[in-house]
Amino acid sequence: MPRFRPVKAVQAGPAMTAALTALLWTLFEVFSGPAFAAPAGVTFFTPYTDVAVTPGETITYSIEIKNATGEIRRMKLAAQAPSGWETNLTAGGYKIQEIAVRPNDSETVTFTVDVPLKIDKGTYRVALLADGAPVLPLFVNVTEQGTYQAELSTDQPNMEGTNKSTFNYELKLKNRTPDAQTFALRADAEAGWNVQFTVEGNDVTSVSVDPGGQKTIRVSINPPSRIEAGTYKIPVRAETKNLSAETTLEVVIRGTYGLKLTTPDEVLSTSITAGGERRVKLRVENTGSAPLAKIQLSADTPVGWDVKFDPETIDTLAPNETKDVTATIRADKKAIAGDYVVTMNARTPEAEDSAAFRVTVKTSLLWGVVAVLIIGGVLAGLYALIQRYGRR
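Residues numbered from 1 in each chain as written. Predicted model: local features only at pLDDT ≥ 70, side-chain atom pairs only at ≥ 80, totals over all residues. Heavy atoms only, no water.

A. Focus on the overall build of the protein chain. A count of helical and extended segments in the protein chain gives two helices and 29 strands. Among the 392 residues that make up the protein chain, the fraction classed as buried is 37%. Across the protein chain, every contact between residues at least 6 apart in sequence was considered, and the portion connecting residues at least 24 apart equals 69%. Summed over all atoms, the accessible surface of the protein chain reaches about 22800 Å², with 50% contributed by carbon and sulfur. (Helix = DSSP H or I, 4+ residues; strand = E, 2+ residues; numbered from the N terminus. Buried < 20%, exposed > 50% of the residue type's maximum accessible area, 1.4 Å probe, protein only. Contact = heavy atoms within 4.5 Å. Areas by Shrake-Rupley, 256 points an atom, 1.4 Å probe, with all protein chains shown as cover.)

This is the structure in structure tokens:
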């Protein structure tokens, strides 16, 4: 059986195309053996004699065999194709090697041709043989260079967000081989990053792809909670024993947001008298990597209490910068002695923090003096009564 070689595709007009086609047919007939001649009185027909395909495709020809003679014609059928191509002849649901056609009747044969995945771009020829002779020549134009490989790609490899964002990517894994492949999935991310692969709604670490097929893989990436602003590249791979495909995903962190509220000495307790005031110095710190703006200060207090801040709003706070704020706590006049909780809050749309202060209410000095005077008066009264009535 002769070996067919691809003919390099060229750009040509109609006249040149016709001339090239005629030349190809002449060479094909010369080097392939017997001329294309059907048995006497028998014709072979298919409407699509020149098709364009990509590597890995299957071409299906429907071939009508018509017997115009007055007797039954039996013919052995076979396919002629380049080395490595798969062909099949079927009729009535069966693979066939011979067919019989009644007088003045016709039969239909299905001729399938599997184009290899690993193939050069160009024009190839196949043919149907009857009794060993080519009877129906066909052209196959392979429009792309074929390879035995896997491809991993995405239309959107770059995403931007914050340290609290979830970055979702959609990958396409193509199996450009003639066999089913099971690919292990992995991401080369630094410690602290969380990368999850999902296929058809299920979390996976591997995926199977049919020959010449494609699977959609969704990748979710969560960055570490404390991470500096910047651009991070995460290579993602799909691997088998013999194949490997890789793409790189890019995560852009605009900046992390963090806020801390405490005191300069980190002591969160104080004391106050009922109806009195106490000034407390607070320290607000930007612990993130992005600037914070319009930091609002507020307080949650017991009923009848009040807290005022100076200033009430911090306009801007750069990363790692601190600013001190004075909080003036005023206790309720009716507050009884004991411990109370006053919660200080610092908030922006991006971050917030709170500090709970334990405030101890002590008895007022004035009330202490009054109590002493009352007790003294009572004792003096008792002494006077004893002196007056005790002698009787």
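B. Region of the structure containing the sheet that holds strand 13 (residues 167-176). Spatially, 11-13-18-15-16 is the arrangement adopted by the five strands of the open sheet, whose pairing is antiparallel. Every interior strand has two partners, whereas the edge strands, strand 11 (149-153) and strand 16 (202-204), have only one. Between one strand axis and the next, the sheet turns by 35 degrees as a mean value, whatever way the strands run. Summarising the sheet, strand 11 and strand 13 pair through five bridges and their orientation is antiparallel. Its bridge partner lying in strand 13, glutamate 151 is registered against lysine 174. (Pairing = 2+ DSSP bridges. Axes fitted to C-alpha atoms, helices over the stretch in contact; angles between N-to-C directions.)

C. Spotlight on the sheet that holds strand 4 (residues 73-80). Strand order in the open sheet made by the five strands is 2-10-9-4-7, with mixed pairing throughout. The open sheet is flanked by strand 2 (50-53) and strand 7 (98-101), the only strands paired with a single partner. Strand-to-strand twist across the sheet, computed as the mean angle between neighbouring axes with direction ignored, equals 30 degrees. By the bridge criterion, four bridges tie strand 4 to strand 9 (residues 122-130) in an arrangement that is antiparallel. Of the residues in strand 9, the one forming a bridge with leucine 77 is alanine 130.

D. Summary view of unusual backbone geometry. Note the cis peptide between aspartate 310 and proline 311, where omega equals 0 degrees. A positive phi angle, near 55 degrees, is found at aspartate 131, a position not held by glycine. With respect to the helices and strands, aspartate 131 occurs in the loop between strand 9 and strand 10 (133-142). When its relative accessible area of 48% is taken as the criterion, aspartate 131 is described as partly exposed.

E. Structural view of the environment of threonine 60. Counting through the fold element by element, threonine 60 comes out in strand 3 (residues 58-67). Leave out the neighbours within four places in its chain, and threonine 60 touches Thr110, Phe111 and Thr112.

F. View of the nonpolar core. Counting 31 residues, the largest nonpolar core has Phe44, Tyr61, Ile65, Leu77, Trp85 and Val140 as its most contacted members. Of all the secondary-structure elements, those providing two or more residues to this core are strand 1 (42-45), strand 2, strand 3, strand 4, strand 7, strand 8 (105-114), strand 9 and strand 10. Beyond its immediate chain neighbours, meaning those up to four positions away, phenylalanine 44 contacts Ala38, Pro39, Glu64, Ile65, Met75, Leu77, Leu128, Ala130, Val135 and Leu136. If you look at the next biggest cluster of nonpolar residues, it comprises 28 residues, including Leu261, Ile295, Ile329 and Ala346. (Core = buried A, V, L, I, M, F, W, Y, C linked by side-chain atoms within 4.5 Å.)

G. Here's a closer look at the pairing of strand 29 (residues 352-362). Across five bridges, the pairing between strand 22 (residues 269-273) and strand 29 is parallel. Among the inter-strand pairings, isoleucine 272 is bridged to a residue of strand 29, identified as valine 361. In this structure, strand 28 (residues 338-347) lies alongside strand 29, joined through 10 bridges in antiparallel fashion. By the bridge assignment for strand 29, aspartate 339 is matched with threonine 360. If you look at the hairpin formed by strand 28 and strand 29, you'll find four residues sitting between the two strands.

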